[in-house]
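Listed here are the chains, written in short residue letters.
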Amino acid sequence: MKKIKLTIQDWQFRQLNEGDWLEAVVPGFVHTDLRTHGLIDDPFYGTNERDQQWIDKQEWEYQSTFSVDQNLLKQDRIELIFHGLDTYATVYLNNEIILETENMFRVYRKEVKSLLTEGENQLRIHFKSPVDVDLPKLKALGYGLPAANDDSEMGELGDHQISIFARKAPYHYGWDWGPRFVTSGIWRNVELVAWFEINIDDFYLNQRSVSNEKAELTAELEVESVSNWQGELQITTGELSWRKNVQLKAGKNKVTLELAIDQPKLWWSRGLGDPNQYTFVAEFKQADQLFAERMITTGLRSVRLVRDRDQAGTSFYFELNGVPVFAKGANHIPNDSFVTEVTEERYHYEIESAVAANMNMLRVWGGGIYEPEIFYRLCDEHGIMVWQDFMFACSMYPGDQAFLANVEQEAKDNVKRLRSHPSIVLWCGNNEIDSAWAHFNEQAGWGWKNDYDHQIREKLWADYQTIFDQILADVTTEYAPNEPYWPSSPLADLTGDIHQHATGVGGSGDVHYWDVWHGKKPFEDYHTHVGRFMSEYGFQSFPELRTVETFAEEADYAIESKVMLHHQKNGAGNQLIKTYMDRYLPEPKDFPAFLYMSQVLQAEGIKQAIEAHRRRMPYCMGTLYWQINDCWPVASWSSIDYYGRWKALHYYAKAAFKDEMLSFQQTENQLDVYVVTDKLVKKTAKLKLTLQNLTGDILHEELAAIEIKPNQSMIVKTIAIDRLTQDYDQASLVMVGELTIEKELVDRKRHYFVPTKALPLPEPKVTIKQLDSYGQFEISTDQFAKSIWLDTEETGYFSDNYFDLLPGERKFVQFIPRDDKLKPDMNIQAKSMSDMI
């Protein structure tokens, strides 16, 4: 007896009680529907954001008429399930109020059989203004709560920051990389679900013990029965099957069944093995009659957050199936200010770009959304581990009972929805709140504490502890016992004293290192400021000109223009990029050159950070830069812009994240050559070091056989720079390292002995030769070419880009089209740094 599911479609919307009903797209938001009908301009263009702040101060309504037949009405239970209403809504079915909502992240269910009629039924949803709902809460509280990124000025609310009261995506209220669009709407589907006699509400596999030899699991099912029922539960996967006789009582039931699988195929992260998965089917039967079934696909793996005491402090790393894993990746934000615009193709492209860049982890940051199934399924399939924040960031939150109950149900809904995904290896309570408040250190934090007297301080901290040390910890312990919970990022340790807060780079916990950029420290500080797990750090760049053209006119092409400043949400960020550029790179000749140079600057800086972190393995066991993606076209820390265009950083990250990597570190008169590997087996390799001048002449060459120990970093060669270069001008030299394993060149790195700004840059002629109709190209040059940018109007990315070439060298690259359709006559242009100065 199959469950009947009907997605409610054919929606209309309008401003409450005003005007004609217009066609609406669901899932969607008021903003996107208004744009579709031409009632507002492109929200991302120019400074249009400012002109659209009126939308969140109005009330809106959506309606749909759907048909119900006699067969559906014969079912025992009929529910309306609202998978995502944003945010404050009153729901009417056939003009009767059935639901009031207050959380965009929750799933709301309502039994409606008694209200349905055969034939047409009307569903109407009234969305209240989140501003009108939450402003009175601020007044009633009597004081404001810290909300560092709530752009209330943009929202025409003065200093009244109200984002903390609404359980909706924090970035909707603005962030230092995103606009303020406080949305309303039906952002996930509405379903009518009917069933007869029995329904499986939830099916979960508790992985009690998993090893190469055996997986011991407990199937946990939540089952609702109309009446007392007895029969058989059968669970199958492949050719394996388990059975149990069960008796259900009328109402809610919990049923468990022990499962064991010998020699299971384990789920591994990218680079360590295959991300194997199993599909399990649970069925309730009487004889051969099926009453209810449910299916889950999951991977079998053990995961542990290892925090062992040592001389430096406390370790912080993930152990997957008993193996320490160095986490390589980035922080992920929502892919759009209007997340219903994010297609499955866009998720595929992001995750495939992460895989192409040799990542094995993404952190779903706590100021966005709990992503849809497709995101996690793709991470499961590609072996991308997920650090999953709960949606709290850079703010202190209320502690009244209604708010806490709302948070608890939100956590239960999302943990239960996502917990079967093997990719999720950590649940984290919030982003940066512990370190921002820094309760136990009067001299630390972001200055929030200074605005409150002792009594209010203690209350706000107690409310914080209730949410992050109790509610979320308890929910994850009960509903996701196979994954660890970490209360806040960054955090040194949950000690309840001054040692708790990660307000600097210490020897315990995870670190957000922002002295480079916010603190204006030089890139070189990345080498000396390395923690146990670097979960945030970053540097900004501009997107390329094609992206800028989508929001600006040629008259706006200046970093201090009104439009360019509007698309820079981090204060004086544009000038800060220029300040660093003046320090490290030649002066760009014009605005397009400045965009290019900003990307090279970002890439060179973050490359230094990634390699510094990996060289310190196993002391440091994770590096997640900020950030992989954008939610609109903007100057930001992203490595892929809003339209999916890889910046220079993504190419540099691909090289720096290689599973087997060469790295050079120059200190004073010494050059250390490192080999870093994430592989789990010992290997013999050949290291070739070649000193060349920039005209391509070989000045010195040496070859050595080395033993690479598994899963670690090691110095394989130390060179005295003065002795090596004493007869030459260091500015005209480059050291080329090549690492070959089993006759395969696994890495090739260059090291210059002077900063990029000091390199002589001739005017090279770069030649592009198309080798076939499958996107293969050969690149060569007649003179030294720095940071060659291969540019094309086609959508996709190259196997390498922003690379250097010496005369006599040939570089082979492959173009990977985003739509899998290669044009046989692609137009590609090559520009190097000398073209930009």
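Everything that follows concerns the structure shown earlier in this document.
Thresholds applied
Residues numbered from 1 in each chain as written. Predicted model: local features only at pLDDT ≥ 70, side-chain atom pairs only at ≥ 80, totals over all residues. Heavy atoms only, no water. Helix = DSSP H or I, 4+ residues; strand = E, 2+ residues; numbered from the N terminus. Rg over C-alpha atoms; globule rule 2.2 N^0.38 Å. Buried < 20%, exposed > 50% of the residue type's maximum accessible area, 1.4 Å probe, protein only. Contact = heavy atoms within 4.5 Å. Lys, Arg positive; Asp, Glu negative; His and termini not counted. Charge placed at Lys NZ, Arg CZ, Asp CG, Glu CD. Pairing = 2+ DSSP bridges. Right-handed = clockwise from strand over helix to strand, strands pointing away. Core = buried A, V, L, I, M, F, W, Y, C linked by side-chain atoms within 4.5 Å. Axes fitted to C-alpha atoms, helices over the stretch in contact; angles between N-to-C directions. Left-handed = near helix turned anticlockwise from the far one by under 90°. Expected span 1.5 Å × (residues − 1). Arc of directions from axis to C-beta. Salt bridge = Lys/Arg side-chain N within 4 Å of Asp/Glu carboxyl O. Patch = residues over 30% accessible without salt bridge, like charges linked within 9 Å, V, L, I, M, F, W, Y side chains within 5 Å. Areas by Shrake-Rupley, 256 points an atom, 1.4 Å probe, with all protein chains shown as cover.

## Some words on the overall build of the chain
Item 1. In terms of helices and strands, the chain carries 16 helices and 46 strands.
Item 2. Here the chain has a C-alpha radius of gyration of 28 Å; the compact-globule value for 837 residues is 28 Å, and the two agree.
Item 3. For the chain, the proportion of its 837 residues judged to be buried stands at 60%.
Item 4. Excluding contacts between residues fewer than 6 apart, the proportion of contacts in the chain whose partners are at least 24 apart in sequence is 70%.
Item 5. Between the centroid of the 86 positive side chains of the chain and the centroid of its 126 negative side chains there is a distance of 4 Å.

## Topic: the pairing of strand β27 (residues 385-389)
Item 1. Across the 5 residues of β27, 5 count as buried, placing the element largely inside the fold.
Item 2. Burial along β27 is two-sided: M385, W387 and D389 and V386 and Q388, pointing in opposite directions, are all buried.
Item 3. Alignment of strand β26 (residues 361-364) against β27, held across 4 bridges, turns out to be parallel. The residue bridging M361 from the neighbouring strand is M385, located in β27.
Item 4. After leaving β26, the chain enters helix α6 (residues 373-382) and then returns to the sheet as β27, a path that is right-handed.
Item 5. Pairing analysis gives 4 bridges linking β27 to strand β28 (residues 424-428), with the strands arranged parallel.

## Describing the nonpolar core
Item 1. L472 and Y625 are the most contacted members of the largest nonpolar core, which totals 169 residues.
Item 2. Core analysis: the second largest hydrophobic core is formed by 50 residues, V255, A282, I296 and W387 among them.

## A few points about the packing of helix α7 (residues 401-418) against helix α9 (residues 454-479)
Item 1. As a packed pair, α7 and α9 sit with axes 10 Å apart at the nearest point and diverge in direction by 30°. Between α7 and α9 lies a crossing of right-handed hand. Counting all contacts with α7, which are made through F403, L404, V407, E408, A411, K412, V415 and K416, the residues of α9 involved are T466, I467, I471, L472, V475, T476 and Y479.

## Let's talk about helix α4 (residues 130-141)
Item 1. The end-to-end C-alpha separation of α4 is 17 Å, in line with the 16 Å expected for 12 residues at 1.5 Å each.
Item 2. All of the buried residues in α4 are P130, V131, D134 and L138. All buried residues of α4 fall inside an arc of 85° around its axis, so they share one side. Along α4, the residues that are exposed and aim more than 90 degrees away from the buried face are K139 and A140.
Item 3. Where α4 ends, the next residue or the one after it, G142, has phi of about 95°, a positive value.

## Focus on the pattern of salt bridges
Item 1. Applying the stated rule across the entire model yields 57 salt bridges.
Item 2. Notably, a salt bridge pairs D336 with R346, separated by 3.2 Å at the nearest N-O pair. Placement of the pair is D336 in the loop between β25 (327-332) and α5 (344-356) and R346 in helix α5, with a sequence separation of 10 residues. Note on accessibility: D336 and R346 belong to one class, buried.

## Some details on a negative patch on the surface
Item 1. Residues D41, D42, D51 and E156 make up a contiguous surface patch of negative charge.
Item 2. Looking at the secondary structure, you find D41 in the loop between α1 (30-36) and α2 (48-51).

## Quick notes on the pairing of strand β45 (residues 810-817)
As a general feature of sheets, a regular strand has side chains that alternate between the two faces.
Item 1. In terms of strand pairing, strand β41 (residues 776-781) meets β45 through 5 bridges, oriented antiparallel. Directly across from E778, in β45, lies its bridge partner F812.
Item 2. The sheet contact formed by strand β43 (residues 796-798) and β45 spans 3 bridges and is antiparallel. Across the sheet, residue Y797 finds its bridge partner in β45, namely I816.

## Section: the sheet that holds strand β19 (residues 289-298)
Item 1. Pairing is antiparallel across the open sheet formed by 4 strands, whose spatial order is β16-β15-β18-β19. If you trace the sheet from one side to the other, it starts and ends with β16 (240-248) and β19, each paired once. Neighbouring strand axes in the sheet, compared pairwise and without regard to direction, differ in orientation by 20° on average.

## A few points about unusual backbone geometry
Item 1. For the bond from D86 to T87, the omega torsion is -10°, close enough to zero to count as cis.
Item 2. On the secondary structure map, T87 appears in the loop between β5 (77-86) and β6 (88-93).
Item 3. Look at the link from W626 to Q627: it is a cis peptide, with omega at 10°.
Item 4. Residue position: Q627 is located in the loop between β32 (622-625) and α15 (648-656).
Item 5. For E156, which is not glycine, the phi torsion reads 60° and is therefore positive.
Item 6. In this fold, E156 is placed in the loop between α4 and β10 (173-175).
Item 7. Residue classification places E156 among the exposed positions, given a relative accessible area of 52%.
Item 8. A positive phi angle, near 55°, is found at Y802, a position not held by glycine.
Item 9. In this fold, Y802 is placed in the loop between β43 and β44 (803-805).
Item 10. Residue class for Y802 comes out buried when judged on its relative accessible area of 3%.

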